[in-house]
Amino acid sequence: MRFATVLAPLLLTGLAVAQNNSTNSSDVVTVMVGGTIDTPNGGIFQFIPNNVKASNGTVVRFMFTGMPGNHSITQSSFSAPCTDLEGGFDSGWVSIPNEGVQPAPEWNLTVTNDQRPLWFFCKQLIPSPHCIAGMVGAINAADDGDNSFDNYKQAASQVSPTEVDQTQNGLVGQGASASQRPSPIPSGANLFPDASAPAGSGSGGGSGTGTGTGDAPTTTSPSGATNILATMNSGLIALVAGVSVMFLA
Ligand SMILES: [Cu+2]
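Labelled according to an unreviewed UniProt entry, the chain appears under the name Blue (type 1) copper domain-containing protein, originating from Agaricus bisporus var. burnettii.

What follows is the structure, encoded as structure tokens:
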């Protein structure tokens, strides 16, 4: 009798967790970050697909599958397609070697305001600015009219190379936010900025590494806090699971 009283809330908790997980997994839109040299319509320098719709709470899952690749997902504005938006989201750079890595790093961005279009670009400058080459994307852009995705991409292609911005912004943006940096980062891949990443490693990361290193301390700290929280949550779930098993046994 006493066991049943204790068990009921535990089982209910388990049920709630399961329901949350199933809801989240169905509201995911996947976007590939970068292609390969042979990928049609842009080769390495593109997001696939580059124009998606996502309602509030939907996770846009950016998969770093392009290879080789050294890309970012950085929020901009329609009027300045290759310039970071103040207070905008930013994944930081993830470099992927020629042969790719398994599993591909992913970055989960949750839409918080689906009533405004979200514009983003890749801020990598090497070998030439990816944004100008067409590595831009949109969430909830208008299908037609002046502020369409096609017009945004066209405007990006006209940007002067010296105007492509490499400021490092945070995980929380305008209209969408992430709770952690891209992960996992398997051997062979690199994340910038990241204090634990070897300085200067990765080909072609010159200017990216320079900018990133300076900002590393501010971004590392919240990310570390998130990891601790995640660990604590896992511990709690394990504890609850352990207690349930004890009672069931
Ligand atoms: Cu790129």
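Turning to the overall build of the chain, a few remarks are in order. Counting secondary structure elements, the chain contains four helices and 12 strands. In the chain, buried positions account for 41% of the 249 residues. In the chain, once contacts between residues fewer than 6 apart in sequence are set aside, the share between residues at least 24 apart is 75%.

Taken as a whole and assessed by the stated rule, the structure comprises three salt bridges. Residue aspartate 143 is joined to lysine 53 by a salt bridge in which the shortest nitrogen-to-oxygen separation is 3.1 Å. Here lysine 53 lies in the loop between β3 (51-52) and β4 (59-63) and aspartate 143 lies in the loop between β10 (136-139) and α3 (149-157), a separation of 90 residues in the sequence. Given the relative accessible area of 65%, aspartate 143 is considered exposed. The partner of lysine 123 in a salt bridge is aspartate 90, with the nearest N and O atoms 2.7 Å apart. With a gap of 33 residues between them, lysine 123 in the loop between β9 (118-121) and α2 (130-133) and aspartate 90 in the loop between β6 (74-76) and β7 (93-96) connect regions that are remote in the sequence. For aspartate 90, a relative accessible area of 1% puts it in the buried group.

By size, the foremost hydrophobic cluster in this structure holds 27 residues, and its most contacted members are Phe47, Phe62, Ile73, Trp107, Leu109 and Ile139. Counting residues per element, the ones that place at least two in this core are β1 (28-33), β4, β7, β8 (106-111) and β9. Ignoring anything within four residues of it in the chain, the contact list for isoleucine 73 reads Val33, Phe47, Phe62, Phe64, Phe89, Asp90, Ser91, Gly92, Trp107, Phe120 and Phe121. Listed in part, the 12 residues of the second largest apolar core include Trp119, Ala138, Phe149 and Ala156.

Take the pairing of β8 next. Where burial is concerned, the two faces of β8 differ: the one with Trp107, Leu109 and Val111 is buried and the one with Glu106, Asn108 and Thr110 is not. Both β4 and β8 contribute to a ladder of five bridges, which runs antiparallel. Looking at the pairing, arginine 61 lines up with asparagine 108 of β8. By the bridge criterion, two bridges tie β8 to strand β11 (residues 176-177) in an arrangement that is antiparallel. Directly across from threonine 110, in β11, lies its bridge partner serine 177.

Parameters at a glance
Residues numbered from 1 in each chain as written. Predicted model: local features only at pLDDT ≥ 70, side-chain atom pairs only at ≥ 80, totals over all residues. Heavy atoms only, no water. Helix = DSSP H or I, 4+ residues; strand = E, 2+ residues; numbered from the N terminus. Buried < 20%, exposed > 50% of the residue type's maximum accessible area, 1.4 Å probe, protein only. Contact = heavy atoms within 4.5 Å. Salt bridge = Lys/Arg side-chain N within 4 Å of Asp/Glu carboxyl O. Core = buried A, V, L, I, M, F, W, Y, C linked by side-chain atoms within 4.5 Å. Pairing = 2+ DSSP bridges.

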